[in-house]
Amino acid sequence: MTAPQPIAAPVFPPATLAAMAALYPQQAGLLHHHLPDHPLLSLEALAELGEGLPASEVEYNPGDVPIGIRPEDIPSNGLSIGETIRTIDGNGSWAVLKNIENVPAYRALLMDLLGELEPVVNPRTGAMLTPQGFIFISSPGSITPFHFDPEHNILLQLRGTKVMNVWPAGDERFAHRREHERYHTGGHRNLPWEDAYREGAQQVPLGPGDAVLMPVMAPHFVANGDAPSISLSITWRSEWSYRESEAHAANAALRRMGLDPAMPPRWPSYAWAKTVAWRIARKLHMVH
């Protein structure tokens, strides 16, 4: 696959960078983008990308699943990843292509987009670490179940519509500290769901040209509209996000010892001692 020409004009307008500066890193919110129709993001290009990725980097299943389904209960849609994407208009499925940065042409696109965000990101959370990209392809009416993710994330809506339902990161009413500890010690990203959560949701409707800023570990689910959808998620980590992960892993170790550690503080102050102690304990464990 040959790399297309770089994008000529900025994808994120000045008003979006200003809005992001007011939100980042703690608040979810609506942004806008000018990413044009791109040859790497057509259905056929995405089907070919999916067929070329390792099985561990593709995930797809029927789209009519409950908001709070357990990962082990998600059924197969009976198709290959290529078939799923090429027939997404009518097969009732949901698919994600992960870590597209491992394909050179897609990495170039990802890095161009992230480069536009650096002036907002770097003064607030430091260097943009571990850039990753994910592409979501969804049939009409499909659901992405309730979950959280460890990255700073902007999701760009390219085709179709969807509604992002998001809850505050770090609020234990929606994701208890034990769920964070479970995830940061190797558990799945999906979260337990209760219908009562709906009252606390921030709803962000998205159409082509819209984007949403998602904070680290903000619980959310996605409801697709009545047309097929394509979305591009551009993500990065920060030293802060890695520290938070390590603090939750340290709390999990303390819980196994019979303690009930508190939820780590989020931003900007941090439980430095706990993360340093966790790194030391992990090294000692590796030595022994």
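Residues numbered from 1 in each chain as written. Predicted model: local features only at pLDDT ≥ 70, side-chain atom pairs only at ≥ 80, totals over all residues. Heavy atoms only, no water.

> Please explain the overall build of the protein as it appears in this structure.
Scanning the protein for helices and strands turns up 7 helices and 11 strands. Out of the 288 residues belonging to the protein, those deemed buried represent 52%. Long-range pairs, those at least 24 residues apart, make up 84% of the contacts in the protein with a sequence separation of at least 6. Carbon and sulfur atoms provide 57% of the accessible area of the protein, an area that totals close to 12,900 Å². (Helix = DSSP H or I, 4+ residues; strand = E, 2+ residues; numbered from the N terminus. Buried < 20%, exposed > 50% of the residue type's maximum accessible area, 1.4 Å probe, protein only. Contact = heavy atoms within 4.5 Å. Areas by Shrake-Rupley, 256 points an atom, 1.4 Å probe, with all protein chains shown as cover.)

> What's the story with the sheet that holds strand β7 (residues 162-166) in this structure? I'm lost.
The strands that make up a sheet pair up through hydrogen bonds in the backbone, lying either parallel or antiparallel. On the basis of which strands lie adjacent, the open sheet formed by 4 strands has the order β5-β10-β7-β8 and antiparallel pairing. Since the sheet does not close on itself, it has two edges, and those belong to β5 (143-147) and β8 (202-206), each with one partner. Ignoring which end each strand starts from, the neighbouring axes of this sheet average 15° apart. Two strands pair when backbone bridges link them, and β7 and β8 are joined in this way by 5 bridges, in the antiparallel orientation. The residue of β8 that forms the bridge with Val-163 is Pro-205. (Pairing = 2+ DSSP bridges. Axes fitted to C-alpha atoms, helices over the stretch in contact; angles between N-to-C directions.)

> Would you take a moment to explain the sheet that holds strand β1 (residues 29-32) for this structure?
In spatial order, the strands read β1-β9-β6-β11-β4-β3-β2; together these 7 strands make up an open sheet with antiparallel pairing. Where the open sheet ends on each side, the last strands, each with one partner, are β1 and β2 (58-62). Going across the sheet, the axis of each strand differs from the next one's by a mean of 20°, ignoring polarity. Along the sheet, helix α1 (residues 14-23) makes contact with β1, β6 (152-159), β9 (210-214) and β11 (229-237), crossing β1 at roughly 160°.

> Would you explain the layout of surface pockets in this entry?
Sizing a probe to match a water molecule and rolling it over the atoms shows the empty space that remains. Of the volumes computed, that of the largest pocket is approximately 470 Å³. Lining the largest pocket are 27 residues; nearest its centre among them are Phe-134, Phe-136, His-147, Asp-149 and Arg-189. Sorting the residues of the lining of the largest pocket by element identifies β3 (93-97), β4 (129-138), β5, β6, β7, β10 (220-224) and β11 as the ones contributing at least two each. Per-element accounting of the lining of the largest pocket gives the leading share, 3 residues, to β4. (1 Å grid on protein atoms, 1.4 Å probe; cavity = no way out; pocket = protein on both sides within 12 Å on 5 of 7 lines; lining within 4 Å. Points joined across faces, edges and corners; volume = space filled by probe spheres on them.)

> How do you make sense of empty space enclosed by the protein when you look at a structure like this?
Evaluation of the coordinates by the stated rule reveals 2 cavities of 30 Å³ or more. Around the largest cavity, the lining residues are Glu-59, Asn-61, Ile-74, Trp-94, Thr-144, Pro-145, His-147, Arg-189 and Asn-190. Mapped by element, the contributors of at least two residues to the lining of the largest cavity are β2 and β5. Here the lining of the largest cavity gets 3 residues from one element, more than from any other, and that element is β5. Split into classes, the residues belonging to the lining of the largest cavity amount to 3 nonpolar, 4 polar and 2 charged. Its volume calculated, the second largest cavity comes out at about 40 Å³. Lining the second largest cavity are Asp-149, Glu-151, Asn-153, Met-214, Pro-215, Met-217, Ala-218 and His-220. (Nonpolar A, V, L, I, M, F, W, Y, C, P; charged D, E, K, R; others polar.)

> Help me understand the packing of aromatic side chains, please; the structure alone is not making it clear to me.
Remark: the centre distance and the inter-plane angle together describe each pair of aromatic rings, the angle taken between the planes. On inspection of all chains with the given rule, the structure shows 12 aromatic pairs. Judged by centre distance (5.5 Å) and plane angle (85°), the ring pair of Phe-174 and Tyr-197 falls under edge-to-face. One end of the pair, Phe-174, is in the loop between β7 and α5 (177-184); the other, Tyr-197, is in the loop between α5 and β8, and 23 residues separate them in sequence. Of the two residues examined, Phe-174 and Tyr-197, each falls in the buried class. With 5.6 Å between their ring centres and 90° between their planes, Trp-193 and Tyr-197 make a pair best called edge-to-face. By relative accessible area, which is 17% here, Trp-193 ends up buried. Accessibility expressed as a relative area gives 11% for Tyr-197, which makes it buried. The structure contains a cluster of three or more aromatic residues connected by ring pairs, namely Phe-146, Trp-167, Phe-174, Trp-193, Tyr-197 and Phe-221. The side chain of Arg-237 reaches across the aromatic face of Tyr-242, ending 4.1 Å from its centre. (Phe/Tyr/Trp six-rings, centres within 6.5 Å; stacked < 30°, edge-to-face > 60°. Lys NZ or Arg CZ within 6 Å of the ring centre and 35° of its normal.)

> Explanation requested: the pairing of β9 in the structure shown.
Note on strand geometry: in a regular strand, side chains alternate between the two faces of the sheet. Here β9 lies mainly inside the structure; 5 of its 5 residues are buried. Going residue by residue along β9, you find Asp-210, Val-212 and Met-214 tucked away on one face and Ala-211 and Leu-213 tucked away on the opposite face as well. Pairing of β1 with β9, which is carried by 4 bridges, proceeds in the antiparallel orientation. If you follow His-32 over to β9, its bridge partner there is Asp-210. Both β6 and β9 contribute to a ladder of 4 bridges, which runs antiparallel. Residue Asn-153 lies in a different strand from β9, and its bridge partner there is Met-214.

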